[in-house]
Amino acid sequence: MQTSGSTRKTVVLCISGGIAAYKAVEVARRLFDLGYHVVPVMTEDAKRFVGETTFSALSSEPVRSSLWDSKDPVPHTTLSRRADLVLVAPATANIISKFANGASDDLVSAVLIAATSKVLIAPAMHSEMWDNAAVKRNVEFLASTGVVVVEPGVGRLAGGDFGAGRMAEPHEIVARAVGLLEGVSDLDLSGLEVVVSAGGTREAIDPVRFIGNRSSGRQGYAFAEVAQMAGANVTLVSTVENLPVPSGAKMVKVESASDMSSAMKELAKTADIVIMAAAVADFRVEEQRSEKIKKADGPPEIRLVHTEDILAYLGQNRSHRQVVVGFAAETGDPEEYARAKLDRKGADIIVGNDVTAPGAGFGTETNSVLIVERDRDVTFLERVSKKKVAEAVLARALEILRSGLRI
Ligand code: CTP
(Lines give C-alpha, C1' and ligand atoms only; values in the text may rest on other atoms or scores of the structure.)
Protein backbone atom coordinates (compact mmCIF):
# COMPACT_ATOMS: atom_id res chain seq x y z
CA MET A 1 0.00 0.00 0.00
CA GLN A 2 1.21 3.53 -0.66
CA THR A 3 1.35 5.89 2.30
CA SER A 4 -1.48 8.35 2.73
CA GLY A 5 1.05 11.21 2.70
CA SER A 6 1.85 10.41 -0.94
CA THR A 7 2.30 13.32 -3.36
CA ARG A 8 0.88 11.17 -6.15
CA LYS A 9 -2.38 12.18 -7.72
CA THR A 10 -5.42 10.90 -5.85
CA VAL A 11 -8.34 9.07 -7.38
CA VAL A 12 -11.42 8.68 -5.19
CA LEU A 13 -12.93 5.53 -6.67
CA CYS A 14 -16.65 5.31 -5.86
CA ILE A 15 -18.24 1.91 -6.31
CA SER A 16 -22.03 1.69 -6.41
CA GLY A 17 -24.20 -1.42 -6.27
CA GLY A 18 -24.20 -3.30 -9.54
CA ILE A 19 -22.77 -6.56 -10.79
CA ALA A 20 -20.07 -4.59 -12.63
CA ALA A 21 -18.57 -3.81 -9.19
CA TYR A 22 -16.34 -6.84 -9.73
CA LYS A 23 -14.81 -5.08 -12.74
CA ALA A 24 -14.06 -2.05 -10.57
CA VAL A 25 -11.59 -4.25 -8.69
CA GLU A 26 -9.50 -4.31 -11.87
CA VAL A 27 -9.92 -0.54 -12.25
CA ALA A 28 -8.55 -0.03 -8.70
CA ARG A 29 -5.64 -2.38 -9.31
CA ARG A 30 -4.65 -0.80 -12.62
CA LEU A 31 -4.79 2.74 -11.24
CA PHE A 32 -2.74 1.68 -8.21
CA ASP A 33 -0.18 -0.03 -10.46
CA LEU A 34 0.10 3.15 -12.52
CA GLY A 35 1.15 4.97 -9.34
CA TYR A 36 -2.06 6.76 -8.40
CA HIS A 37 -3.24 7.04 -4.81
CA VAL A 38 -6.53 5.18 -4.90
CA VAL A 39 -9.16 5.79 -2.20
CA PRO A 40 -12.11 3.38 -2.49
CA VAL A 41 -15.56 4.50 -1.37
CA MET A 42 -18.37 1.93 -1.50
CA THR A 43 -22.12 2.19 -1.17
CA GLU A 44 -23.76 -0.36 1.11
CA ASP A 45 -25.25 -2.07 -1.94
CA ALA A 46 -21.85 -2.33 -3.62
CA LYS A 47 -20.76 -4.51 -0.71
CA ARG A 48 -23.41 -7.05 -1.69
CA PHE A 49 -21.42 -7.66 -4.87
CA VAL A 50 -17.78 -7.41 -3.74
CA GLY A 51 -16.28 -7.53 -0.25
CA GLU A 52 -14.64 -4.46 1.24
CA THR A 53 -11.43 -6.37 1.89
CA THR A 54 -10.83 -6.86 -1.83
CA PHE A 55 -10.86 -3.12 -2.53
CA SER A 56 -8.92 -2.29 0.64
CA ALA A 57 -6.20 -4.77 -0.34
CA LEU A 58 -5.82 -3.44 -3.88
CA SER A 59 -6.09 0.29 -3.13
CA SER A 60 -3.97 2.80 -1.23
CA GLU A 61 -6.33 3.17 1.73
CA PRO A 62 -9.06 1.09 3.38
CA VAL A 63 -12.59 1.33 2.01
CA ARG A 64 -14.81 4.15 3.30
CA SER A 65 -18.53 3.77 3.14
CA SER A 66 -20.19 5.83 5.83
CA LEU A 67 -20.63 9.48 6.63
CA TRP A 68 -20.57 8.56 10.31
CA ASP A 69 -17.89 5.95 10.96
CA SER A 70 -14.73 8.09 11.04
CA LYS A 71 -13.44 10.74 13.45
CA ASP A 72 -13.59 13.21 10.60
CA PRO A 73 -16.88 15.12 11.00
CA VAL A 74 -16.98 15.90 7.27
CA PRO A 75 -15.49 12.88 5.47
CA HIS A 76 -17.24 13.75 2.20
CA THR A 77 -15.64 17.17 1.79
CA THR A 78 -12.26 15.92 3.05
CA LEU A 79 -12.36 13.20 0.40
CA SER A 80 -13.59 15.43 -2.40
CA ARG A 81 -10.92 18.07 -1.63
CA ARG A 82 -8.17 15.45 -1.77
CA ALA A 83 -9.37 14.10 -5.10
CA ASP A 84 -7.67 14.94 -8.38
CA LEU A 85 -10.38 12.81 -9.91
CA VAL A 86 -13.59 11.29 -8.58
CA LEU A 87 -14.36 8.15 -10.56
CA VAL A 88 -17.66 6.29 -10.22
CA ALA A 89 -17.45 2.72 -11.53
CA PRO A 90 -19.94 1.24 -11.80
CA ALA A 91 -22.37 4.15 -11.78
CA THR A 92 -25.86 2.73 -11.31
CA ALA A 93 -29.05 4.48 -12.41
CA ASN A 94 -29.64 5.26 -8.74
CA ILE A 95 -26.32 7.01 -8.06
CA ILE A 96 -26.57 8.88 -11.37
CA SER A 97 -30.02 10.07 -10.37
CA LYS A 98 -28.85 11.22 -6.94
CA PHE A 99 -25.85 13.03 -8.43
CA ALA A 100 -27.90 14.72 -11.15
CA ASN A 101 -30.51 15.87 -8.64
CA GLY A 102 -28.20 17.03 -5.89
CA ALA A 103 -29.26 14.36 -3.41
CA SER A 104 -26.76 13.12 -0.84
CA ASP A 105 -27.85 10.48 1.61
CA ASP A 106 -24.69 8.38 1.69
CA LEU A 107 -20.93 8.91 1.42
CA VAL A 108 -20.69 8.29 -2.35
CA SER A 109 -23.44 10.76 -3.25
CA ALA A 110 -22.11 13.30 -0.72
CA VAL A 111 -18.58 13.05 -2.20
CA LEU A 112 -20.06 13.59 -5.67
CA ILE A 113 -22.08 16.63 -4.66
CA ALA A 114 -19.03 18.11 -2.92
CA ALA A 115 -16.59 17.32 -5.73
CA THR A 116 -14.58 20.21 -7.12
CA SER A 117 -12.26 17.99 -9.20
CA LYS A 118 -13.09 16.36 -12.50
CA VAL A 119 -15.67 13.60 -12.22
CA LEU A 120 -15.74 10.53 -14.45
CA ILE A 121 -18.66 8.10 -14.39
CA ALA A 122 -18.88 4.63 -15.94
CA PRO A 123 -22.61 3.80 -16.11
CA ALA A 124 -23.70 0.17 -15.86
CA MET A 125 -27.26 -1.06 -15.96
CA HIS A 126 -29.73 -3.12 -17.95
CA SER A 127 -30.55 -1.93 -21.45
CA GLU A 128 -34.11 -0.98 -20.53
CA MET A 129 -32.82 1.22 -17.72
CA TRP A 130 -30.10 2.78 -19.89
CA ASP A 131 -32.75 3.58 -22.48
CA ASN A 132 -35.09 5.07 -19.89
CA ALA A 133 -35.89 8.72 -20.54
CA ALA A 134 -35.17 9.86 -16.97
CA VAL A 135 -31.80 8.11 -16.92
CA LYS A 136 -30.92 9.63 -20.27
CA ARG A 137 -31.90 13.08 -19.03
CA ASN A 138 -29.77 12.64 -15.91
CA VAL A 139 -26.72 11.48 -17.85
CA GLU A 140 -27.11 14.28 -20.38
CA PHE A 141 -27.49 16.83 -17.63
CA LEU A 142 -24.37 15.60 -15.86
CA ALA A 143 -22.43 15.63 -19.13
CA SER A 144 -23.58 19.23 -19.72
CA THR A 145 -22.07 20.21 -16.36
CA GLY A 146 -18.67 18.80 -17.34
CA VAL A 147 -18.97 15.32 -15.84
CA VAL A 148 -17.23 12.90 -18.21
CA VAL A 149 -19.14 9.76 -19.10
CA VAL A 150 -17.49 6.54 -20.27
CA GLU A 151 -20.26 5.15 -22.39
CA PRO A 152 -21.30 1.60 -21.56
CA GLY A 153 -21.14 -1.24 -24.03
CA VAL A 154 -19.61 -0.86 -27.47
CA GLY A 155 -22.06 1.75 -28.78
CA ARG A 156 -20.80 4.53 -31.01
CA LEU A 157 -21.73 8.01 -29.89
CA ALA A 158 -21.56 9.33 -33.43
CA GLY A 159 -23.82 6.61 -34.82
CA GLY A 160 -26.43 7.05 -32.10
CA ASP A 161 -26.04 3.45 -30.91
CA PHE A 162 -25.73 3.37 -27.11
CA GLY A 163 -25.06 -0.34 -26.65
CA ALA A 164 -26.60 -2.56 -24.03
CA GLY A 165 -25.62 -0.79 -20.82
CA ARG A 166 -22.71 -3.06 -19.95
CA MET A 167 -20.02 -1.14 -18.12
CA ALA A 168 -17.04 -0.16 -20.28
CA GLU A 169 -14.02 -2.42 -19.87
CA PRO A 170 -11.58 -1.57 -17.03
CA HIS A 171 -8.76 -0.68 -19.44
CA GLU A 172 -11.02 1.84 -21.22
CA ILE A 173 -12.09 3.41 -17.92
CA VAL A 174 -8.49 3.61 -16.72
CA ALA A 175 -7.27 5.09 -20.02
CA ARG A 176 -9.98 7.75 -19.71
CA ALA A 177 -9.13 8.42 -16.07
CA VAL A 178 -5.44 8.82 -16.91
CA GLY A 179 -6.37 11.17 -19.76
CA LEU A 180 -8.28 13.38 -17.33
CA LEU A 181 -5.58 13.21 -14.67
CA GLU A 182 -2.75 13.96 -17.08
CA GLY A 183 -4.34 16.86 -18.88
CA VAL A 184 -5.89 15.82 -22.18
CA SER A 185 -9.24 16.44 -20.58
CA ASP A 186 -10.37 19.10 -23.02
CA LEU A 187 -10.33 16.61 -25.83
CA ASP A 188 -13.41 14.41 -25.72
CA LEU A 189 -13.46 11.70 -28.37
CA SER A 190 -15.92 9.48 -26.49
CA GLY A 191 -17.39 6.79 -28.65
CA LEU A 192 -15.51 7.83 -31.79
CA GLU A 193 -13.49 5.34 -33.82
CA VAL A 194 -9.97 6.46 -34.60
CA VAL A 195 -7.68 4.51 -36.92
CA VAL A 196 -3.99 5.41 -37.04
CA SER A 197 -1.24 4.02 -39.23
CA ALA A 198 2.29 4.12 -37.83
CA GLY A 199 5.85 3.23 -38.71
CA GLY A 200 7.71 2.74 -41.94
CA THR A 201 6.59 0.07 -44.38
CA ARG A 202 9.01 -2.62 -45.53
CA GLU A 203 9.04 -3.66 -49.14
CA ALA A 204 10.59 -7.06 -49.55
CA ILE A 205 13.34 -7.67 -52.11
CA ASP A 206 13.76 -11.33 -51.22
CA PRO A 207 12.95 -13.35 -48.05
CA VAL A 208 15.72 -11.62 -46.05
CA ARG A 209 16.11 -8.16 -47.55
CA PHE A 210 13.77 -5.22 -47.77
CA ILE A 211 13.61 -1.54 -48.64
CA GLY A 212 12.67 0.41 -45.53
CA ASN A 213 12.82 3.93 -44.13
CA ARG A 214 13.78 5.71 -40.94
CA SER A 215 10.33 6.24 -39.42
CA SER A 216 10.24 5.22 -35.72
CA GLY A 217 6.44 5.15 -35.50
CA ARG A 218 6.48 7.39 -32.41
CA GLN A 219 4.18 10.06 -33.83
CA GLY A 220 1.56 7.45 -34.78
CA TYR A 221 1.77 5.85 -31.33
CA ALA A 222 1.38 9.28 -29.71
CA PHE A 223 -1.83 9.72 -31.73
CA ALA A 224 -3.10 6.35 -30.55
CA GLU A 225 -2.27 7.10 -26.92
CA VAL A 226 -3.87 10.54 -26.87
CA ALA A 227 -6.99 9.37 -28.74
CA GLN A 228 -7.35 6.41 -26.39
CA MET A 229 -7.01 8.64 -23.31
CA ALA A 230 -9.61 11.00 -24.78
CA GLY A 231 -12.14 8.17 -24.94
CA ALA A 232 -11.89 6.99 -28.54
CA ASN A 233 -11.89 3.37 -29.70
CA VAL A 234 -8.47 3.21 -31.27
CA THR A 235 -6.91 0.83 -33.78
CA LEU A 236 -3.24 1.11 -34.68
CA VAL A 237 -2.13 -0.28 -38.01
CA SER A 238 1.58 -0.54 -37.43
CA THR A 239 4.83 -1.92 -38.79
CA VAL A 240 6.58 -1.28 -35.48
CA GLU A 241 7.61 -4.00 -33.06
CA ASN A 242 9.54 -2.20 -30.34
CA LEU A 243 7.02 0.36 -29.04
CA PRO A 244 4.41 -0.48 -26.39
CA VAL A 245 0.84 -0.45 -27.72
CA PRO A 246 -1.13 2.13 -25.69
CA SER A 247 -3.36 0.46 -23.12
CA GLY A 248 -6.77 -0.31 -24.59
CA ALA A 249 -5.83 0.29 -28.23
CA LYS A 250 -6.16 -2.54 -30.76
CA MET A 251 -3.17 -3.29 -32.94
CA VAL A 252 -3.04 -4.69 -36.45
CA LYS A 253 0.54 -5.61 -37.40
CA VAL A 254 1.45 -5.02 -41.04
CA GLU A 255 4.64 -4.95 -43.03
CA SER A 256 4.32 -3.73 -46.60
CA ALA A 257 2.42 -0.81 -48.14
CA SER A 258 0.07 -3.35 -49.65
CA ASP A 259 -0.71 -4.94 -46.22
CA MET A 260 -1.23 -1.49 -44.76
CA SER A 261 -3.52 -0.51 -47.60
CA SER A 262 -5.81 -3.54 -47.08
CA ALA A 263 -6.00 -2.99 -43.32
CA MET A 264 -6.64 0.75 -43.59
CA LYS A 265 -9.32 0.39 -46.26
CA GLU A 266 -11.20 -2.13 -44.15
CA LEU A 267 -10.94 -0.17 -40.90
CA ALA A 268 -11.76 3.16 -42.55
CA LYS A 269 -15.21 1.84 -43.44
CA THR A 270 -16.41 2.55 -39.89
CA ALA A 271 -13.84 5.07 -38.65
CA ASP A 272 -14.68 8.64 -37.68
CA ILE A 273 -11.09 9.86 -37.86
CA VAL A 274 -8.40 8.27 -40.05
CA ILE A 275 -4.77 9.28 -39.56
CA MET A 276 -2.05 8.26 -42.00
CA ALA A 277 1.00 8.88 -39.82
CA ALA A 278 2.94 6.01 -41.37
CA ALA A 279 5.88 6.55 -43.68
CA VAL A 280 4.57 4.48 -46.56
CA ALA A 281 7.06 3.47 -49.23
CA ASP A 282 6.36 5.20 -52.51
CA PHE A 283 8.00 2.36 -54.40
CA ARG A 284 8.10 -1.39 -54.09
CA VAL A 285 10.14 -4.04 -55.85
CA GLU A 286 8.36 -5.10 -59.02
CA GLU A 287 9.30 -8.74 -58.72
CA GLN A 288 9.91 -9.97 -55.23
CA ARG A 289 12.25 -13.01 -55.29
CA SER A 290 11.03 -16.08 -53.49
CA GLU A 291 14.62 -17.25 -52.77
CA LYS A 292 17.49 -15.31 -51.24
CA ILE A 293 19.62 -13.54 -53.85
CA LYS A 294 23.12 -15.03 -53.64
CA LYS A 295 26.16 -12.77 -53.51
CA ALA A 296 27.91 -14.91 -56.09
CA ASP A 297 25.20 -14.06 -58.62
CA GLY A 298 26.45 -10.46 -58.55
CA PRO A 299 24.61 -7.23 -57.66
CA PRO A 300 21.00 -7.65 -58.78
CA GLU A 301 19.17 -5.12 -60.85
CA ILE A 302 16.05 -4.20 -58.93
CA ARG A 303 13.19 -2.55 -60.75
CA LEU A 304 10.87 -0.49 -58.60
CA VAL A 305 7.23 0.36 -59.26
CA HIS A 306 4.85 2.73 -57.48
CA THR A 307 2.88 1.56 -54.47
CA GLU A 308 -0.72 2.55 -54.08
CA ASP A 309 -1.19 5.95 -52.40
CA ILE A 310 -3.26 4.88 -49.39
CA LEU A 311 -4.00 8.38 -48.14
CA ALA A 312 -5.21 9.49 -51.56
CA TYR A 313 -7.48 6.45 -51.78
CA LEU A 314 -8.91 7.08 -48.30
CA GLY A 315 -9.33 10.79 -48.95
CA GLN A 316 -11.11 10.27 -52.25
CA ASN A 317 -13.26 7.23 -51.47
CA ARG A 318 -15.03 8.04 -48.25
CA SER A 319 -18.21 6.14 -47.65
CA HIS A 320 -19.42 8.34 -44.82
CA ARG A 321 -18.66 11.48 -42.85
CA GLN A 322 -15.17 11.10 -41.53
CA VAL A 323 -12.05 13.20 -41.18
CA VAL A 324 -8.90 12.12 -43.01
CA VAL A 325 -5.50 13.32 -41.79
CA GLY A 326 -2.20 12.91 -43.63
CA PHE A 327 1.41 13.87 -43.12
CA ALA A 328 3.92 15.56 -45.36
CA ALA A 329 7.52 14.89 -44.36
CA GLU A 330 9.48 17.37 -46.42
CA THR A 331 12.95 18.71 -46.86
CA GLY A 332 11.96 21.93 -48.63
CA ASP A 333 9.12 24.41 -48.07
CA PRO A 334 6.73 22.37 -45.90
CA GLU A 335 3.74 24.72 -46.15
CA GLU A 336 3.68 24.82 -49.91
CA TYR A 337 4.08 21.04 -50.19
CA ALA A 338 1.49 20.41 -47.47
CA ARG A 339 -1.09 22.63 -49.20
CA ALA A 340 -0.51 20.81 -52.47
CA LYS A 341 -0.95 17.44 -50.72
CA LEU A 342 -4.20 18.58 -49.11
CA ASP A 343 -5.76 18.93 -52.54
CA ARG A 344 -4.02 16.09 -54.30
CA LYS A 345 -4.91 13.54 -51.63
CA GLY A 346 -8.37 14.84 -50.72
CA ALA A 347 -7.44 15.06 -47.03
CA ASP A 348 -8.98 17.41 -44.46
CA ILE A 349 -5.74 18.05 -42.59
CA ILE A 350 -2.11 17.71 -43.62
CA VAL A 351 0.49 17.85 -40.88
CA GLY A 352 3.64 19.11 -42.50
CA ASN A 353 7.14 19.03 -41.14
CA ASP A 354 10.65 19.73 -42.31
CA VAL A 355 12.43 16.54 -41.32
CA THR A 356 15.82 18.25 -41.56
CA ALA A 357 14.89 20.96 -38.98
CA PRO A 358 16.50 20.52 -35.51
CA GLY A 359 14.18 18.77 -33.01
CA ALA A 360 11.89 17.45 -35.71
CA GLY A 361 11.37 14.36 -37.77
CA PHE A 362 12.43 10.75 -37.64
CA GLY A 363 13.45 9.22 -34.31
CA THR A 364 13.22 12.45 -32.29
CA GLU A 365 11.14 12.98 -29.15
CA THR A 366 9.88 16.37 -30.31
CA ASN A 367 8.43 17.60 -33.53
CA SER A 368 8.01 21.00 -35.15
CA VAL A 369 5.00 20.91 -37.41
CA LEU A 370 2.46 22.97 -39.22
CA ILE A 371 -1.17 21.98 -39.40
CA VAL A 372 -2.62 22.85 -42.78
CA GLU A 373 -6.36 22.84 -43.47
CA ARG A 374 -8.50 24.07 -46.30
CA ASP A 375 -9.74 27.68 -45.87
CA ARG A 376 -7.92 28.13 -42.59
CA ASP A 377 -4.68 29.75 -41.49
CA VAL A 378 -1.79 27.46 -40.79
CA THR A 379 -1.12 26.50 -37.16
CA PHE A 380 2.57 26.29 -36.27
CA LEU A 381 3.78 24.13 -33.38
CA GLU A 382 7.47 24.59 -32.56
CA ARG A 383 9.48 21.85 -30.86
CA VAL A 384 6.57 20.29 -29.03
CA SER A 385 6.22 16.69 -27.89
CA LYS A 386 4.66 14.25 -30.31
CA LYS A 387 1.73 13.94 -27.87
CA LYS A 388 1.12 17.70 -28.11
CA VAL A 389 1.10 17.40 -31.89
CA ALA A 390 -1.45 14.59 -31.58
CA GLU A 391 -3.63 16.61 -29.18
CA ALA A 392 -3.63 19.66 -31.45
CA VAL A 393 -4.39 17.67 -34.61
CA LEU A 394 -7.11 15.57 -32.96
CA ALA A 395 -8.73 18.73 -31.59
CA ARG A 396 -8.87 20.14 -35.13
CA ALA A 397 -10.17 16.84 -36.52
CA LEU A 398 -12.94 16.82 -33.90
CA GLU A 399 -13.96 20.35 -34.80
CA ILE A 400 -14.15 19.48 -38.48
CA LEU A 401 -16.12 16.33 -37.67
CA ARG A 402 -18.58 18.28 -35.53
CA SER A 403 -19.06 21.09 -37.97
CA GLY A 404 -19.58 18.71 -40.87
CA LEU A 405 -17.15 20.89 -42.83
CA ARG A 406 -15.23 18.59 -45.05
CA ILE A 407 -14.72 18.22 -48.73
N1 CTP B 1 1.15 7.94 -48.09
C2 CTP B 1 0.28 6.91 -48.37
N3 CTP B 1 0.61 5.99 -49.32
C4 CTP B 1 1.75 6.07 -49.99
C5 CTP B 1 2.65 7.13 -49.72
C6 CTP B 1 2.31 8.05 -48.76
O7 CTP B 1 -0.78 6.83 -47.77
N8 CTP B 1 2.05 5.17 -50.89
C9 CTP B 1 0.74 8.95 -47.09
C10 CTP B 1 1.63 9.07 -45.89
O11 CTP B 1 1.22 8.23 -44.84
C12 CTP B 1 1.49 10.53 -45.52
C13 CTP B 1 1.21 11.22 -46.85
O14 CTP B 1 0.78 10.20 -47.72
O15 CTP B 1 0.35 10.74 -44.69
C16 CTP B 1 2.37 11.96 -47.45
O17 CTP B 1 3.30 11.14 -47.97
P18 CTP B 1 4.52 11.72 -48.81
O19 CTP B 1 5.45 10.57 -49.07
O20 CTP B 1 5.07 12.90 -48.10
O21 CTP B 1 3.80 12.25 -50.14
P22 CTP B 1 3.84 11.80 -51.61
O23 CTP B 1 2.48 11.86 -52.17
O24 CTP B 1 4.50 10.48 -51.73
O25 CTP B 1 4.63 12.95 -52.33
P26 CTP B 1 6.20 13.28 -52.45
O27 CTP B 1 6.97 12.03 -52.15
O28 CTP B 1 6.32 13.74 -53.83
O29 CTP B 1 6.43 14.38 -51.47
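Caption draft 1: Spotlight on the overall build of the chain. When its secondary structure is counted, the chain shows 14 helices and 17 strands. If one aligns the C-alpha atoms of the chain with their principal axes, the spans along those axes are about 85 × 50 × 40 Å. Across the chain, contacts joining residues at least 24 apart in sequence account for 67% of those joining residues at least 6 apart. In the chain, 47 side chains carry a positive charge and 52 a negative one; their mean positions are 2 Å apart.

Caption draft 2: The arrangement of the packing of aromatic side chains in detail. Under the counting rule described, the total for this entry stands at one aromatic pair. On the numbers, 6.0 Å between centres and 90 degrees between planes, the contact of Phe223 with Phe327 is edge-to-face. Placement of the pair is Phe223 in helix α10 (residues 218-229) and Phe327 in strand β14 (residues 323-330), with a sequence separation of 104 residues. Phe327 shares its class with Phe223; the two are buried. Over the aromatic face of Tyr313 sits the side chain of Lys265, whose NZ or CZ is 4.2 Å from the ring centroid.

Caption draft 3: Representation of the site of the ligand. Surveying the vicinity of the ligand reveals 17 residues, the closest of which are Ala278, Leu311, Phe327, Lys341 and Lys345. Met276 is positioned such that a nitrogen or oxygen atom in its backbone is 2.8 Å from an oxygen atom of the ligand. One of the backbone nitrogen or oxygen atoms of Glu308 is found 2.9 Å away from a nitrogen atom of the ligand. Surface burial for the ligand is 79%, taken as the share of its 580 Å² of free accessible area covered by protein chains. Contributions of two or more residues to the shell around the ligand are made by α12 (310-316), β14 and α13 (334-345). Broken down by element, the residue count for the shell around the ligand peaks at four residues, all from β14. Broken down by class, the residue content of the shell around the ligand amounts to nine nonpolar, two polar and six charged.

Caption draft 4: Broad picture of the pattern of salt bridges. Going through the model one piece at a time under the given rule, you end up with 29 salt bridges. The salt bridge involving Glu169 is made with Lys23; its shortest N-O contact spans 3.4 Å. Placement of Glu169 in the loop between β5 (148-149) and α9 (170-181) and of Lys23 in helix α1 (residues 21-33) is noted, with a sequence separation of 146 residues between them. Exposure remark for Glu169: the relative accessible area of 25% places this residue in the partly exposed category. For Arg176, the salt bridge goes to Asp188, with nearest N and O atoms at 3.1 Å. Placement of the pair is Arg176 in helix α9 and Asp188 in the loop between α9 and β6 (193-198), with a sequence separation of 12 residues. According to the relative accessible area criterion, Asp188 is partly exposed, its value standing at 34%. Ionic contacts of the salt-bridge type, sharing partners, join the residues Glu26, Arg29, Arg30 and Asp33 into one network.

Caption draft 5: Quick peek at the side chain of Asp106. Within the secondary structure layout, Asp106 lies in the loop between α5 (93-101) and α6 (107-114). The contact partners of Asp106, leaving out residues within four places of it in the chain, are Thr43, Leu67 and Lys98.

Caption draft 6: Representation of helix α14 (residues 386-403) in the model. Taking 1.5 Å per residue, 18 residues should reach 26 Å; α14 reaches 26 Å between its end C-alpha atoms and fits that length. All buried positions along α14 are accounted for by Lys386, Val389, Ala390, Glu391, Val393, Leu394, Arg396, Ala397, Leu398, Ile400 and Leu401. Against the buried residues of α14 lie α10, β11 (273-276), β14, β15 (349-354), β16 (366-373) and β17 (379-385). Positive phi shows up at Gly404, right after α14, with a value of about 75 degrees.

Caption draft 7: Quick peek at the nonpolar core. Grouped together as the largest cluster of nonpolar side chains are 37 residues, with contacts concentrated most on Leu189, Ile275 and Leu394. Per-element tally for this core: the top contributor is α14, with eight residues. If sequence neighbours within four positions are ignored, Leu189 has contacts with Ala227, Ala230, Gly231, Ala232, Ile273, Leu394 and Leu398. Val11, Ala46, Phe55 and Met229 belong to the second largest nonpolar core, which has 34 residues in total.

Caption draft 8: Region of interest: the side chain of Thr235. Residue position: Thr235 is located in strand β9 (residues 233-238). The exposure class of Thr235 is buried, given its relative accessible area of 8%. Ignoring sequence-local partners within four residues, the contact set of Thr235 consists of Val194, Val195, Val196, Lys250, Val252 and Leu267.

Caption draft 9: Structural view of the domain arrangement of the chain. By domain assignment, the chain separates into domain 1 (10-181) and domain 2 (193-403). Measuring from the centre of the C-alpha atoms in domain 1 to the corresponding centre in domain 2 gives 37 Å. The partner domain 2 presents nine residues to the eight residues of domain 1 that form the contact. At the boundary of domain 1 with domain 2, total buried surface from both sides reaches about 710 Å², with 46% on carbon and sulfur atoms.

Caption draft 10: Up close: the environment of Gly220. Note that Gly220 resides in helix α10. A relative accessible area of 2% places Gly220 in the buried class.

Rules of the game
- Residues numbered from 1 in each chain as written.
- Predicted model: local features only at pLDDT ≥ 70, side-chain atom pairs only at ≥ 80, totals over all residues.
- Heavy atoms only, no water.
- Helix = DSSP H or I, 4+ residues; strand = E, 2+ residues; numbered from the N terminus.
- Contact = heavy atoms within 4.5 Å.
- Lys, Arg positive; Asp, Glu negative; His and termini not counted.
- Charge placed at Lys NZ, Arg CZ, Asp CG, Glu CD.
- Phe/Tyr/Trp six-rings, centres within 6.5 Å; stacked < 30°, edge-to-face > 60°.
- Buried < 20%, exposed > 50% of the residue type's maximum accessible area, 1.4 Å probe, protein only.
- Lys NZ or Arg CZ within 6 Å of the ring centre and 35° of its normal.
- Near = heavy atom within 4 Å.
- Polar contact = N/O pair within 3.5 Å; in protein donor to acceptor, adjacent residues only side chain to side chain.
- Areas by Shrake-Rupley, 256 points an atom, 1.4 Å probe, with all protein chains shown as cover.
- Nonpolar A, V, L, I, M, F, W, Y, C, P; charged D, E, K, R; others polar.
- Salt bridge = Lys/Arg side-chain N within 4 Å of Asp/Glu carboxyl O.
- Expected span 1.5 Å × (residues − 1).
- Core = buried A, V, L, I, M, F, W, Y, C linked by side-chain atoms within 4.5 Å.
- Domains from an automatic or database assignment.
- Buried area = accessible area lost by both parts, 1.4 Å probe.

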